[in-house]
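Chain residues, written in single-letter form:
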Amino acid sequence: MASNKKYWKSVEELNENSSIVETLKQNEFAEPIPTDEFLGNKENLETSSTTRRDFLKYVGFSTAAATLASCEGPVIKSIPYVVAPDEIIPGVANYYASTIADGFDFANVLVKTREGRPIKIERNDLAKHGGSVNARVQASVLSMYDKNRLQGPKVDGKDASWSDLDAAVATKLGTMAGQDVVLLTQTFASPSTTKLISDFKAKYPNIRHVVYDTVSSSEALDAFQNKYGTRALADYDFSKAEVIVSVGADFIGDWQGGGYEAGYAKGRIPKNGKMSRHIQFEANMSLSGANADKRVPVTPSQQMAVLLALTGNGSTSSLPENVVDAVNKAKSQLQKAGSKGVIITGLPNVAAQTSVLNYNQSVGSVVMDTTKPRMTSMGNASEVLNVMNGVISGSVKGLITVGVNPVYSFPNPQFTEAYKSLGMTLAFSMKEDETASLAQMVAATPHYLESWGDTQLKKGSFGLIQPTIRPLFNTRQFQDCLLKWTENSKNYYEYIKEFWQGTILAGGGSWNQALHDGVFEGAMEVSTDEETTSVGTLEASTSNGALVAPVQGGLELTLYTKTGLGDGQQANNPWLQELPDPITRASWDNYVTVSAADAAEMGLENFNVANGALNGSYVNVKMGDVVIEKVPVLIQPGQAKGSVGLALGYGRKAAIQQEMQTGVNAYPLYNNFSSVQNVTLEKVAGTHEFACIQLHNTMMGRDIIRETTLEIFNTKDVEHWNPVPMVSKDHQEIPVTSPDADLWDEFDRSIGHHFNLSVDLNACTGCGACVIACHAENNVPVVGKSEMRRSRDMHWLRIDRYYSSEESFGEDTEKKENISGLGSSLSEFGEMEHPAANPQVAFQPVMCQHCNHAPCETVCPVAATSHGRQGQNHMAYNRCVGTRYCANNCPYKVRRFNWFLYAENDEFDYNMNNDLGRMVLNPDVVVRSRGVMEKCSMCIQMTQKTILDAKKEGKPVKDSAFKTACSAACDTGAIQFGDINDHDSVVYKEKNDKRMYHLLEAVGTKPNVFYQVKVRNTNEA
Amino acid sequence: MRAKLVDNNITNRMKKVPYRNLPSKLSFLLLAFLLTFSVTIFAQEEAAASEDTAAAQTGPCAGDPANGEALFKANCAACHKLDKKMTGPALRGVVAKYNDCDWLHEWIKNSQDLVKSGDQRAVKIFEEYNGAVMTAFPQLSDQDIDDILAYTSQPKPEPVVAEVPTGTDGGGSDSGVTNSIILAALALVFLLLVIMLFLVNKTLRRIAEANGVTYEEGEKRTPIWKAFIQNQFLVLVTCIFLLLGAAYFAYGWMMQVGVDQGYAPVQPIHYSHRIHAGVNQIDCNYCHSSARRSKHSGIPSLNVCMNCHKTISEVAEGTQSEGQKEYGVDYNAEIKKLYAAVGWDEGSQSYTGETKPVEWVRIHNLPDFAYFNHSQHVTVAGVECQKCHGPVEEYEIMEQFAPLTMGWCINCHRETNIQVEDNGYYEKIHEELSKKYGVDKLTAAQMGGLECGKCHY
């Protein structure tokens, strides 16, 4: 009997004519074993005279020798300064105030330096209008230690000295006299640079200055300029808003320079029963949409109609019914809010931008500030377009680029060839990027942490940029070059100082104080706006180009920038590449985001493979003649049907390390510098491997994130919306917080410090600044795309993002409660794994919860992890033997295992693999080795330092002194850290807030991290 | 492995120097031997020198050179040396050079008056020293100045190195020689005795044989080693003891791997803590100032050395000879190494700007995964430096005093009370905790000084 049974190895065997089956019968292995690969060079092996015995002798000898040698320690040299600078004490950090102004990110910052090298960027609390220290700004310190930076100036592709370059430029400018030479720069927002450029133009009258913002806000600038006369952007203070209606403006992301989340979050925390109401109409699922109380997915062309209807002069006839309903409700709420309501829009259209300005002005919105507008964007798309076309047509003869990379970011592919044949090309660049590698002359510029400078980020809010380290390479900043080329004997530092004393500080103010603070609020009017011959706006082209509904089969594309890479300047920064996108949670990639409905129509799919990793289809994105090939597709819940999204800033190749050449370049689609385009998608063969680190997207009705509505929050008891979980003891239900429910005796923590961390889910916007701050503070390694794909990310702090499976999380819970019986649970739980078409979204930062009854501590066989009296769960890396029991027993999955040696390992060629990149490491925190577990330490090095400082001063610690990297980085105040034994502390108040709950409280771990229930303002009336 | 990866890790291995004094000691022996014969020659010269001194005292600006020496050291030595240019000119023979006592008096009391009055000699000197103003000494009487000048007029004494070997130490090395001779003689005597015994025994046997006395042989017994092997119990017990012993020593050996107690590497500049901290009583914190404020005690930068060594270009003669004798070190040459490193030109008394940072060999190497903060121990706890670093003020060559093992740290934390006096930070917590533990004074351990995360992060 048994012999008749036939076992099939695969379905293929059923096919009698299969060639594979035949082949496999002959061979044990489907593919030849790559023995040569691991045995090394075959030829060498065969010619070698070493016998097996010899080999064993060598192995034995070298092992013995190595063992003997390892018994002696290495000789370590210590080299003190010859003359020590007064301000440096080895081992003590110095802080300098400075400002980042790279053309995309503008923010006043504080730079932490150790032994003269910057290691971390922090917020400058003195700056009231300082922009936001977002993830990119936090990571910018690593971009300075980039080994791919230009080491010195170049002339004709060869390394040159600065005097060579000066001579070459002078000759070239001499021969170019009378011809059209364009100085194409980023927005500097720098009063002194504006003056310098006009001096330079006075010397060379044939040069004209054009400002080019890689990611354009041109239409908003045009609208503002037409209405108020200044080329600037209106500023908004969302903390004053009661109703915020955004039409396609991702203001929590990078809309008009970003940095609005701090004010926004203030209005989002329910106070006296009130919080702001945020309604978002958008196509892509953005951070703003994810945080909104109500999000309506609409395509860009529909957004135009929505906006016109909202501002009172358009019909809603073309819109679907549900959108019309939302528009009407939003309109009535705006009316009710009066001056406390505000509309903003991100549509690349002057009329749209103007209508918004008009509306906000007409209601007298207290949110919008037009008297002190933002100066961080100056570019005029039509002028830039003019330059691009001029270069292509040959009317522009020379191009000097500063801080911009047009060969990479100009939409017209003909530009590259035309650029090569220009009479004069000079690129000021930190890297040999796409433009610099083609330029005749390259001036190597320093990083902002090595430069001097000044800024006016907002009218009347000045900032200074000061160097925090000597230039690492032979670089000279743009302004110093201009001074040299205009025969000015001063250096830029002297120039700024004199300029400030003559203008900004003229009304009273000390230079030293301003330099110390990094910011100066002045009443002086200092223009950063040059008189330029206006070429007119691009009105016609943009509005016609994209904001009309596409032809049949077409899709409306919204180009956006990602939290990680922004406009792509810092593409060579591994921290930013590895930062998961807050919405999709995919890192190391950009992709087309498509709605589930459209994906189904086109046969596009996302699926998980055996190890859980996400794969997706490829498409070609077509816009007229422009085709971008093999763009991966990610199905995005909440994406408006008929629309797609694609992030700019990826696909860079020049001066970018192989590992960091990720994604596709979307700039060719950035036609007319308009973020909205009509495209068609075409499915192509192949599957893309994503490095997406969140594999389960819904909460399945559990209360991982507790949510309630403002109405319930205001009217019902706390037990209703924030109940303490009950557990059963002796068949009696008792609250889990009761001492009877404990397995362990409680330890007395009332003496000394007891640290707690509070995370307010209402204030957290998911921006990711804390993740990068944690990276920098704790020497968290970068593991690369393939390890991320295996879910081996090392981030100590992650921000989980959950979608609702029904319309809202509340309905999810209801659905779960109503499941009964096996059939129903099988089908309905299955359904709940899939997010809704327009889901609610919630963010939750999760780090080690520092449980007082920690499950990890009890299972460690070597007691490598133990609890401190101050509430922190300690991890002694040198004691850890890597059994990983702790990670298995952790209900929060916050422990990270070092699968490999991530430092000084060529397999992980990121910042910790080169001397330059290692300069960013924090000397107070050990770099972990292979085979040990690591996790959030609640920044014990920072709390210990605070305590030590207090001991040295002989005073009790002030509450505000205790910080962790994440709490210090949080712009919105969502993360608060402190000592709950100090009853005056913020965190003590938070702990006793009725919104407080612990993550998975029913487990009984008694964490020292707690969350505040998220409250949504669902009030529709 | 911490961020110190960027430090200049040198990959060669530590070399301990157990016989570091041996060559020097040998050379002293030799020197002592040679010099014993040369004392008399120098004695004559010394007599001649003293005659010269007597002559100087009767010349112009006559005074008491002994008092002058004291005054010179108190007032002048900061800027002047007798035979060497420093901040000011070398002063030996200054009387002979100018041969104008009144002018010298005037200059010393207030040189600026002279310069302003347009005195040519004064202006010339003033300009030669780049307009460096000499401190005015109106407090010195004419007699004082004469005494000083008398001191400066003394002829230069001959080098005194020659005197050294006549001291007791020379005798000490002699005794070393005699000891070995005595030992050798003793050994010889013993050898003779052994030979004699053997011969006597042999002779006696022969006599016995001749007299027919039979010498009874003992009964043949199993040799002891065979008996041992036959007794299996004994073998087993011995084996167990041997294994235990081996394990004991292996454990002991393994536990000292990586413990570098007593590590005293040869440094690029022979720096004597004995002279600086011991003889001259310089506070540790003067040079290691960051120990109070930072986690690192800090190796002083060379500008700190130059605060003193700008004026101290050579050590006292006694110190120099002691150094050569005891440690085989030429201290003056070591100071020259400092000058070369910091780029100090003695001739022009100025910095050349050419520096060559000193690569000290680090002695105390904590592993990177252990965090240690000096300021916590020095400033907050008030621990004496010597507690961990040993009697540094006696160390000619710095060495690692403590084992720097975790057990050593922990023991101290268990035994040491925290210093709560006048520290507002400890007030509340100490009161509450001491009540909880029922003690008057809390130890560092009771404050949480044994928690892993306090040192490992």
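As the structure is a prediction and not an experimental result, all values here were calculated from the model. (Residues numbered from 1 in each chain as written. Chains lettered and ligands numbered in written order. Predicted model: local features only at pLDDT ≥ 70, side-chain atom pairs only at ≥ 80, totals over all residues. Heavy atoms only, no water.)

**A word on the interface of chain A and chain B**
Argument step 1. Counting from both sides, the interface comprises 58 residues of chain A and, opposite them, 61 residues of chain B.
Argument step 2. A combined buried area of about 5400 Å² lies between chain A and chain B, and 61% of that area is made up of carbon and sulfur atoms.
Argument step 3. Across the contact surface, chain A and chain B share 3 salt bridges.
Argument step 4. When the shortest N-O distance is used, the salt bridge between Lys-295 of chain B and Asp-924 of chain A registers 2.9 Å.
Argument step 5. Inspection of the chain A/chain B interface yields 20 residue pairs in polar contact (both at pLDDT 80 or more).
Argument step 6. Secondary-structure elements contributing two or more residues to the side of chain A that touches chain B are β1 (74–78), β37 (873–875), α31 (915–918) and α32 (940–953) of chain A.
Argument step 7. With 2 bridges joining them, β1 of chain A and strand β4 (residues 360–361) of chain B adopt antiparallel strand pairing. Looking across to β4 of chain B, one finds that Lys-77 of chain A is bridged to Val-361 of chain B. (Contact = heavy atoms within 4.5 Å. Buried area = accessible area lost by both parts, 1.4 Å probe. Salt bridge = Lys/Arg side-chain N within 4 Å of Asp/Glu carboxyl O. Polar contact = N/O pair within 3.5 Å; in protein donor to acceptor, adjacent residues only side chain to side chain. Helix = DSSP H or I, 4+ residues; strand = E, 2+ residues; numbered from the N terminus. Pairing = 2+ DSSP bridges.)

**Focus: the nonpolar core**
All names here are of chain A.
Argument step 1. If you look at the biggest cluster of nonpolar residues, it comprises 168 residues, and the most contacted ones within it are Tyr-236, Phe-238, Val-245, Phe-281 and Leu-310.
Argument step 2. When residues in this core are grouped by element, the largest group, 7 residues, is from helix α12 (residues 321–337).
Argument step 3. If sequence neighbours within four positions are ignored, Phe-238 has contacts with Ile-244, Phe-251, Tyr-260, Gly-263, Tyr-264, Val-342, Ile-344 and Val-367.
Argument step 4. The next biggest cluster of nonpolar side chains, apart from the first, holds 50 residues, and it includes Leu-150, Leu-399, Val-633 and Leu-669. (Core = buried A, V, L, I, M, F, W, Y, C linked by side-chain atoms within 4.5 Å. Buried < 20%, exposed > 50% of the residue type's maximum accessible area, 1.4 Å probe, protein only.)

**Considerations on unusual backbone geometry**
Argument step 1. In this structure, Ala-655 of chain A takes a positive phi of about 60° despite not being glycine.
Argument step 2. Mapped onto the secondary structure, Ala-655 of chain A falls in the loop between β27 (643–647) and β28 (676–689).
Argument step 3. Positive phi, close to 55°, is recorded for Leu-404 of chain B, a residue that is not glycine.
Argument step 4. Tracing the backbone shows Leu-404 of chain B in the loop between α18 (385–389) and α19 (406–415).
Argument step 5. Exposure remark for Leu-404 of chain B: the relative accessible area of 22% places this residue in the partly exposed category.

**A few points about the sheet that holds strand β15 (residues 398–402) of chain A**
Residue and element names in this part refer to chain A.
Argument step 1. Read from one edge of the open sheet, 7 strands run β6-β5-β17-β16-β15-β7-β8, paired in mixed fashion. Lying at the two open borders of the sheet, with one neighbouring strand each, are β6 (158–159) and β8 (207–211).
Argument step 2. Bridge analysis of strand β7 (residues 181–185) against β8 gives 5 bridges, and the strand direction is parallel. Looking at the pairing, Leu-183 lines up with His-209 of β8.
Argument step 3. Here helix α14 (residues 381–393) sits on the sheet in contact with β7, β8 and β15, set at roughly 125° to β8.
Argument step 4. Against the sheet, helix α17 (residues 478–485) touches β7, β15 and β16 (424–429), its axis set at about 135° to β16. (Axes fitted to C-alpha atoms, helices over the stretch in contact; angles between N-to-C directions.)

**Brief notes about α12 of chain A**
Residues spaced three or four apart along an α-helix point in a common direction, a consequence of the helix completing one turn every 3.6 residues.
All names here are of chain A.
Argument step 1. If you check α12, its first and last C-alpha atoms are 24 Å apart, about what 17 residues at 1.5 Å a residue would give, namely 24 Å.
Argument step 2. Those residues of α12 not exposed but buried are Val-323, Val-324, Ala-326, Val-327, Ala-330, Gln-333, Leu-334 and Ala-337.
Argument step 3. In this structure, the buried residues of α12 make contact with β10 (243–247), β11 (277–282), β12 (294–297), α11 (300–310), β13 (341–345) and α13 (350–362). (Expected span 1.5 Å × (residues − 1).)

**Digging into the sheet that holds strand β42 (residues 1009–1012) of chain A**
Backbone hydrogen bonds are what pair the strands of a sheet, in a parallel or an antiparallel way.
Residues and elements named next belong to chain A.
Argument step 1. A sheet is described by the order of its strands in space; here 4 strands give the open sequence β40-β33-β42-β41, paired in mixed fashion. Each edge of the sheet is formed by a strand with only one pairing partner; in this case those strands are β40 (975–979) and β41 (996–997).
Argument step 2. Alignment of strand β33 (residues 755–760) against β40, held across 5 bridges, turns out to be antiparallel. Paired with Asn-756 across the bridge in β40 is Gly-978.

**A word on the packing of helix α5 (residues 101–109) of chain B against helix α8 (residues 142–153) of chain B**
Residue and element names in this part refer to chain B.
Argument step 1. The geometry of α5 relative to α8 is characterised by a closest axis approach of 10 Å and an angle of 105° between their N-to-C directions. Overall, the two elements α5 and α8 adopt an arrangement that is roughly perpendicular. Counted together, Leu-104, His-105, Ile-108 and Lys-109 of α5 and Asp-142, Ile-145, Asp-146 and Leu-149 of α8 form the full contact between these two elements. (Parallel < 35°, antiparallel > 145°, perpendicular 65-115°, else oblique.)

**Examining the pairing of β28 of chain A**
Residue and element names in this part refer to chain A.
Argument step 1. Bridging between strand β21 (residues 555–560) and β28 involves 4 bridges; their strand directions are antiparallel. Residue pairing for β28: Thr-558 is matched across the bridge by Val-676.
Argument step 2. Pairing geometry for strand β25 (residues 614–623) and β28, over 8 bridges, is antiparallel. Across the sheet, Val-621 pairs through a bridge with Leu-681, a residue of β28.

**Points about α14 of chain A**
Residues and elements named next belong to chain A.
Argument step 1. In a regular helix each residue adds 1.5 Å, so 13 residues correspond to 18 Å; α14 covers 18 Å between its end C-alpha atoms and thus fits that length.
Argument step 2. Where α14 is concerned, the buried positions are Ala-381, Ser-382, Glu-383, Val-384, Leu-385, Val-387, Met-388, Gly-390 and Val-391.
Argument step 3. For α14, the elements touching its buried residues are β7, β8, α8 (218–228), β15 and α16 (414–420).
Argument step 4. Where α14 terminates, the next one or two residues include Gly-394, which has phi positive at roughly 95°.

**Description of the pattern of salt bridges**
Argument step 1. One pass over the structure, following the stated rule, counts 65 salt bridges over all chains.
Argument step 2. Put simply, Arg-114 of chain A and Glu-115 of chain A hold a salt bridge, and the shortest N to O gap is 3.2 Å.
Argument step 3. Taking the relative accessible area as the measure of exposure, Arg-114 of chain A reaches 2% and is therefore buried.
Argument step 4. Members of the salt-bridge network, linked through shared partners, are Arg-114, Glu-115, Arg-117 and Asp-924 of chain A together with Lys-295 of chain B.

Fair warning: the whole summary comes from geometry, so function is off the table for now.
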